[in-house]
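Examining the three-dimensional arrangement
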Amino acid sequence: MAGNGASDIDSLLISEFPLLPGLVYLNHAAVSPWPRRTAETVKRFAEENLREGASRYPEWLQTERLLRGQLAGLVNAPSIDDIALLKNTSEGLSFVAYGLDWRSGDNVVITAEEFPSNRIVWESLASRGVGLREARVSHVHDPESAILEATDRHTRLVSVSSVQYASGLRLDLGRLGTACRERGIAFCVDAIQGLGVFRHDVQAAQIDFLVADGHKWLLGPEGIAVFYCRPEWRERLKLHEYGWHMVEDMGDYARRDWRPAAGARRFECGSPNMLGIHALSASLSLLLELGPETVERRVLERTEHLFERIRAAPSLDLVTPTRSGRYAGIVSFRHRSVPNPVIHERLRKANVVCAERLGGIRFSPHCYTPLEQLETAVAIAAG
Ligand SMILES: Cc1ncc(COP(=O)(O)O)c(C=O)c1O
């Protein structure tokens, strides 16, 4: 970003997030507000559709290509052909679950605190004789070892969230990916709670599959997700959705013979979500303009600020681990004597938007959240 000084960044963020006065939005781990540029893009897209229909479809395709490039860069995919645009995280996990050629007796390893989307899909394979093993990672000194210890010679896949949705625990993807590759186990990452906060490098971390929806830390709308499939897996993953868009010779409608697209477009069966594509691309343009390192630093600053404030409140106990490298944008805590639903309701009444998850109150600010709002929110929760 030009200038790149702290005040340039602050004024850009103030103008991009004109949230209602008094609203304290600490729920980016659920659904984020859109930046101004995303809202403007959607308004322009609506107006264009109103006035011109899809006359400028070739330009829309350029935006689609731009988005694939933005996402490929964000996860360091070797090529934009490794990126598919899906509807959500659950769809990507399902593509992996129903694409692999399971043998009865195989198993999948996840953590014991995964979001339902990264558990149910593996449980659904029970009828094929695929087992599920859950590693306990909370209050454990070395969560990666706990996950790897849960594997055995029948483990075909390890599937974890890069950041656990309730506790906020961040995993060391590089360590897991390297160990999985050595053991011949495929490695799948649900990146929805981490992508947009810190770098997920699919090559360095030896990730085979990565999926993340756009509506949390990427600041985009719901219903548009990135799916990375390592090129070596592409042909091996059995397809389950077919249509005009996933064939190699897309657009040659008269042609009767077909084969799946060589690239990750093979996972996109029909018409793309053009509205979502325009919106997510606009949101990513902000994150890229700020610079991923700046975004990460600012999110972690806010997390650490919350840690400090919560530690200083005698009535509150932190749930999120505070060791460096173990947290991202989620901070969960409990009140020592007041039940979570009561605290959550108290916060809601005070215009603090946050969540109650797995026995904790979850705050999740983003890079633009004013620090003083964090102090206000903790004071309300502690009071
Ligand atoms: C870790 C995790 N995975 C998946 C999801 C759901 O993703 P989607 O709605 O994109 O399928 C969530 C939503 O909260 C989540 O926290």
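A few points on the structure. Predicted model, so just to flag it, every value in this text is computed and none were measured.

Another point: the sheet that holds strand β10 (residues 331-335). As summarised here, the arrangement of the 4 strands in space is β9-β10-β13-β12, forming an open sheet in which the pairing is antiparallel. On the outer flanks of this sheet lie β9 (316-318) and β12 (355-357), each paired with one strand and no other. On average, each strand axis in the sheet is tilted by 40° relative to the strand beside it, whichever way the strands run. As defined by bridge partners, β10 adjoins strand β13 (residues 360-363) across 3 bridges and the pair is classed as antiparallel. If you follow Ser332 over to β13, its bridge partner there is Arg362. Of the strands in this sheet, β10, β12 and β13 touch helix α11 (residues 340-349), which is tilted by about 30° from β13.

By size, the foremost hydrophobic cluster in this structure holds 62 residues, and its most contacted members are Ile83, Ile147 and Phe187. Looking at this core element by element, the count peaks at 7 residues for helix α9 (residues 274-290). When near neighbours in sequence (up to four residues on either side) are disregarded, Ile83 contacts Arg68, Leu71, Ala72, Val75, Ala77, Val226, Phe227, Tyr228, Ala264 and Glu268. Membership of the second largest hydrophobic core comes to 29 residues, among which are Leu86, Leu93, Val96 and Leu237.

Here the focus is helix α3 (residues 57-75). For α3, with 19 residues, the first-to-last C-alpha span of 27 Å sits near the 27 Å given by 1.5 Å per residue. Those residues of α3 not exposed but buried are Trp60, Thr63, Glu64, Leu67, Arg68, Gln70, Leu71, Ala72, Leu74 and Val75. Of the residues trailing α3, Asn76 is marked for its positive phi of about 55°.

Rules used throughout
- Residues numbered from 1 in each chain as written.
- Predicted model: local features only at pLDDT ≥ 70, side-chain atom pairs only at ≥ 80, totals over all residues.
- Heavy atoms only, no water.
- Pairing = 2+ DSSP bridges.
- Helix = DSSP H or I, 4+ residues; strand = E, 2+ residues; numbered from the N terminus.
- Axes fitted to C-alpha atoms, helices over the stretch in contact; angles between N-to-C directions.
- Contact = heavy atoms within 4.5 Å.
- Core = buried A, V, L, I, M, F, W, Y, C linked by side-chain atoms within 4.5 Å.
- Buried < 20%, exposed > 50% of the residue type's maximum accessible area, 1.4 Å probe, protein only.
- Expected span 1.5 Å × (residues − 1).

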